[in-house]
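Structural description and commentary
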Amino acid sequence: MTEGAGIRAGDLPDDLTAAEAGMWQAFRNGSVYDLSSGDTVVDDPHGGHPWGPERTVRARIVCWLLLDGPPPLSGRVASLKLTGVQISGVLDLAGGTVAPYVELKGCRFEREVLLPEARFQTLRLVDCSVPRLEAARVHTEGDLHLPRCRFHNGVRLTDAHIGTDLLLNQAIVYRDRSGRSIAADGMTVGQDLQAELLESHGELSLRSAKVGVSLSLRGARLANPYTRLALNAPQLTVGRTLYLTPAGVGGPWLSGTTPARGTRIQRFACQGGVRLDDGRFGDAVDLERARFTFTDDQELSLLRIQTPELRFLGEQPQRGKVVLSGARIVNLVDRSSSWPGPGNLHMGGFAYENLVPQGPFPLDSRLDWVAAATPEYNPEPYERLATVLRNAGEDEDAREVLLAKQRRRRESLPVAAKVWGFVQDWTVAYGYRPGRAAVWMAVLWAASSLAFAHADHAPVNANGHPPWSPALFALDLLLPVIDLGQAGQWQLHGGWQWLSVALILLGWILATTVAAGATRLLRRG
């Protein structure tokens, strides 16, 4: 009988070690092959305790089983389920099609795992030590699970296609020679990508990746002191929500649920820049209690993102910038303490429809928020805020915002225009407080009426004129569009004539201001 015929019949090859023979039989039986010793210290795949030949199988034999293995025993389903096994050599399944179910727990790989363009049903590596996972364009019909694994030279999942879920919970990934911890540009995940409590040392790259449901980085810690970005994910598409939020540590808990009381909470923390430019998120981007540590030239970049809700509820970055320019949001949920200071916030073209502050966020603080985003005068953020407040029925606050816009504009004007701006502000608040204009008109009317009571007034026509009335004469001057029959009937000379001219000019200014204010109120009504 030839060797191939023997393998197809299920016979053991002659050159297998005892550990490999046991793995071969467990594969045919579909059972777990467990070589762990029972000592947690010795069995730690990430520890320094050596595993001898009694726990070692060759990668070539593993590939043989997965690509062209023996048939299962009668009534069984062949599968590779290893626990506490050391795999020597390079596990190379590049381009292969793996039909059996694969699950390795607590295993140790001596060299890299190569899976480029390989096809799997479901692949699970749980709590394994892997020098490097090279899996560009890998394809799985089901899940790819890599929880609690430790990758010493990075993971490559560029253009990978994961049929259902990708799990990286509690994994620890160190950078490769290019500085990336996980390179997953162009990756597609059918359902959820869970990387909760992930520890990433290098750049986590998800450029143009697509996630069908949610992407969870709850409690993850991303650090990249080597280059500018710790999370590089422009043009990321997420069907529902991106979570950069806390996670419970220790004890059983379910993803997305509120941890039980007493559970230790670990925040999402990022040391290095974050780039989510042009991202599309179906439900929300959630930054609840997120902590960002930037240098002066790093930033949280949300350029042109689109999402129904942005929950900007993290800690205030002490350095670096937050960029929201061109972003389109429906609900902006935020705290006043979360936003960076002046010069570190950019939101030109930032469109939002509703403000949902968490905790106190008075109008003065909201105006400081806009001012922080406009080191140089830009009317757009003020007008956007005023529109949102007006749509929410806060007309008085909207007028205060537009008044603040005019005061900010005044700072950029020449000296003469600036002086005139101060006059407009002090007298009529640029027309946004029409009541103040009416008060000024009443004061001027009363004062001028008293003054004109002592003025010499010669009639223009000695044959017929109305009785002299200082109050009507003053009112006739202040109301330029109404003729009360006084101003054209009397002649004043000297200083009284100049007073008349001043009242006419002030009357035009104040009347125009009152009319403009009334027009704004009618338009909003």
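Everything quoted here is computed from the prediction, not taken from an experiment.

**Overview of the packing of helix H5 (residues 363-372) against helix H7 (residues 395-410)**
Orientation of H5 relative to H7, taken along the N-to-C sense of each, is 40°, at an axis distance of 11 Å. For the element pair H5 / H7, the angle class is oblique. Crossing of H5 against H7: the hand is right-handed. Residues Leu363, Leu367 and Ala371 of H5 form the contact with H7, whose own contacting residues are Asp397, Glu400, Val401, Ala404 and Arg408. Partitioned by chemical class, the residues of the contact of H5 with H7 number 5 nonpolar, no polar and 3 charged.

**A few points about the sheet that holds strand E29 (residues 229-232)**
A sheet is described by the order of its strands in space; here 11 strands give the open sequence E5-E9-E13-E17-E21-E25-E29-E35-E39-E41-E43, paired in parallel fashion. Lying at the two open borders of the sheet, with one neighbouring strand each, are strand E5 (91-92) and strand E43 (345-346). Where strand E9 (residues 113-114) lies against strand E13 (residues 133-134), 2 bridges are found, and the strand directions are parallel. The residue of E13 that forms the bridge with leucine 114 is glutamate 134.

**Description of the pattern of salt bridges**
Any two side chains of opposite charge can pair, on the condition that their charged atoms come close. Summed over the entire model, instances satisfying the criterion amount to 28 salt bridges. Here arginine 124 and aspartate 143 are joined by a salt bridge, their closest N and O atoms 3.5 Å apart. Within this pair, whereas arginine 124 is found in strand E11 (residues 123-126), its partner aspartate 143 is found in the loop between strand E14 (139-140) and strand E15 (144-145), the two being separated by 19 residues in sequence. Like arginine 124, the residue aspartate 143 is buried in the burial classification. Of the charged contacts, one joins aspartate 296 and arginine 319 as a salt bridge, the two residues approaching to 3.1 Å between their closest N and O atoms. Residue aspartate 296 is located in the loop between strand E38 (291-293) and strand E39 (299-301), and its partner arginine 319 is located in the loop between strand E40 (306-312) and strand E41 (321-323); the two are separated by 23 residues in the primary sequence. Arginine 319 gets classed as partly exposed once you look at its relative accessible area, which sits at 42%. Salt bridges here are not isolated pairs; linked through shared partners, they connect Asp286, Glu288, Glu309, Arg311 and Arg335.

**Re the packing of aromatic side chains**
Per the counting criterion, the structure on display carries 7 aromatic pairs. Ring geometry for phenylalanine 268 against phenylalanine 292: centres 6.0 Å apart, planes inclined by 65°, an arrangement best described as edge-to-face. One end of the pair, phenylalanine 268, is in the loop between strand E33 (264-266) and strand E34 (269-271); the other, phenylalanine 292, is in strand E38, with 24 residues separating them in the sequence. Residue class for phenylalanine 292 comes out buried when judged on its relative accessible area of 8%. Ring centres 4.0 Å apart and planes at 5° place the aromatic pair phenylalanine 312 and tryptophan 339 in the stacked group. With a gap of 27 residues between them, phenylalanine 312 in strand E40 and tryptophan 339 in the loop between strand E42 (328-334) and E43 connect regions that are remote in the sequence. Note on accessibility: phenylalanine 312 and tryptophan 339 belong to one class, buried. The ring of tryptophan 51 has arginine 55 sitting right over it, with the charged end atom 4.0 Å from the ring centre. Over the aromatic face of tryptophan 51 sits the side chain of arginine 108, whose NZ or CZ is 4.2 Å from the ring centroid.

**Brief notes about the nonpolar core**
Residues Leu104, Leu115, Leu157, Leu198, Leu217 and Trp369 are the most contacted members of the largest nonpolar core, which totals 113 residues. If one sorts the elements of this core by residue count, helix H4 (residues 59-68) sits on top with 7 residues. Filtering out sequence-adjacent residues up to four positions away, leucine 217 remains in contact with Ala195, Leu198, Leu204, Leu231, Tyr243, Leu244, Thr245 and Phe268.

**Some points on unusual backbone geometry**
Peptide bonds are, in most cases, trans, and in most cases residues other than glycine have a negative phi. Unlike most non-glycine residues, arginine 137 shows phi in positive territory, near 60°. With respect to the secondary-structure elements, arginine 137 resides in the loop between E13 and E14. One non-glycine residue, glutamine 170, lies in positive phi territory at about 60°. You can see glutamine 170 is positioned in the loop between strand E19 (166-167) and strand E20 (172-174).

**Observations regarding the side chain of aspartate 43**
Looking at the element boundaries, aspartate 43 is found in helix H3 (residues 40-43). In this structure the side chain of aspartate 43 is engaged in a polar contact, spanning 2.8 Å, whose partner is the backbone nitrogen of glycine 38. Residues in contact with aspartate 43, not counting those within four places in the same chain, are Ser36, Ser37, Gly38, Trp51, Arg55 and Gly106.

**Thoughts on a nonpolar patch on the surface**
Residues Trp498, Val501 and Leu505 make up a contiguous nonpolar surface patch of about 360 Å² in total accessible area. Mapped onto the elements of the fold, valine 501 is located in helix H11 (residues 495-524).

**Some points on the environment of arginine 108**
In this structure, arginine 108 sits in strand E8 (residues 108-109). Of the residues examined, arginine 108 reaches a relative accessible area of 11% and is grouped as buried. Along the chain, arginine 108 and threonine 83 lie 25 residues apart, while their C-alpha atoms are 9.6 Å from each other. Dropping the residues within four chain positions of it, arginine 108 is found in contact with Asp44, Pro45, Gly47, His49, Pro50, Trp51, Val85, Gln86, Ile87 and Ser129.

**Some details on the side chain of histidine 145**
As for its placement among the helices and strands, histidine 145 is situated in strand E15. With relative accessibility at 12%, the residue histidine 145 sits in the buried group. Only 2.9 Å separates the side chain of histidine 145 from the side chain of arginine 124, close enough to count as a polar contact. There is a polar contact of 3.0 Å between the side chain of histidine 145 and the side chain of aspartate 143. Residues within four places of histidine 145 in sequence aside, it is in contact with Leu123, Arg124, Leu125, Asp165 and Leu167.

**Examining H4**
Across the 10 residues of H4, 7 count as buried, placing the element largely inside the fold. Taken together, the buried positions of H4 are Ala59, Ile61, Val62, Cys63, Trp64, Leu65 and Leu66.

The rules behind the values
Residues numbered from 1 in each chain as written. Predicted model: local features only at pLDDT ≥ 70, side-chain atom pairs only at ≥ 80, totals over all residues. Heavy atoms only, no water. Axes fitted to C-alpha atoms, helices over the stretch in contact; angles between N-to-C directions. Helix = DSSP H or I, 4+ residues; strand = E, 2+ residues; numbered from the N terminus. Parallel < 35°, antiparallel > 145°, perpendicular 65-115°, else oblique. Left-handed = near helix turned anticlockwise from the far one by under 90°. Contact = heavy atoms within 4.5 Å. Nonpolar A, V, L, I, M, F, W, Y, C, P; charged D, E, K, R; others polar. Pairing = 2+ DSSP bridges. Salt bridge = Lys/Arg side-chain N within 4 Å of Asp/Glu carboxyl O. Buried < 20%, exposed > 50% of the residue type's maximum accessible area, 1.4 Å probe, protein only. Phe/Tyr/Trp six-rings, centres within 6.5 Å; stacked < 30°, edge-to-face > 60°. Lys NZ or Arg CZ within 6 Å of the ring centre and 35° of its normal. Core = buried A, V, L, I, M, F, W, Y, C linked by side-chain atoms within 4.5 Å. Polar contact = N/O pair within 3.5 Å; in protein donor to acceptor, adjacent residues only side chain to side chain. Patch = residues over 30% accessible without salt bridge, like charges linked within 9 Å, V, L, I, M, F, W, Y side chains within 5 Å. Areas by Shrake-Rupley, 256 points an atom, 1.4 Å probe, with all protein chains shown as cover.

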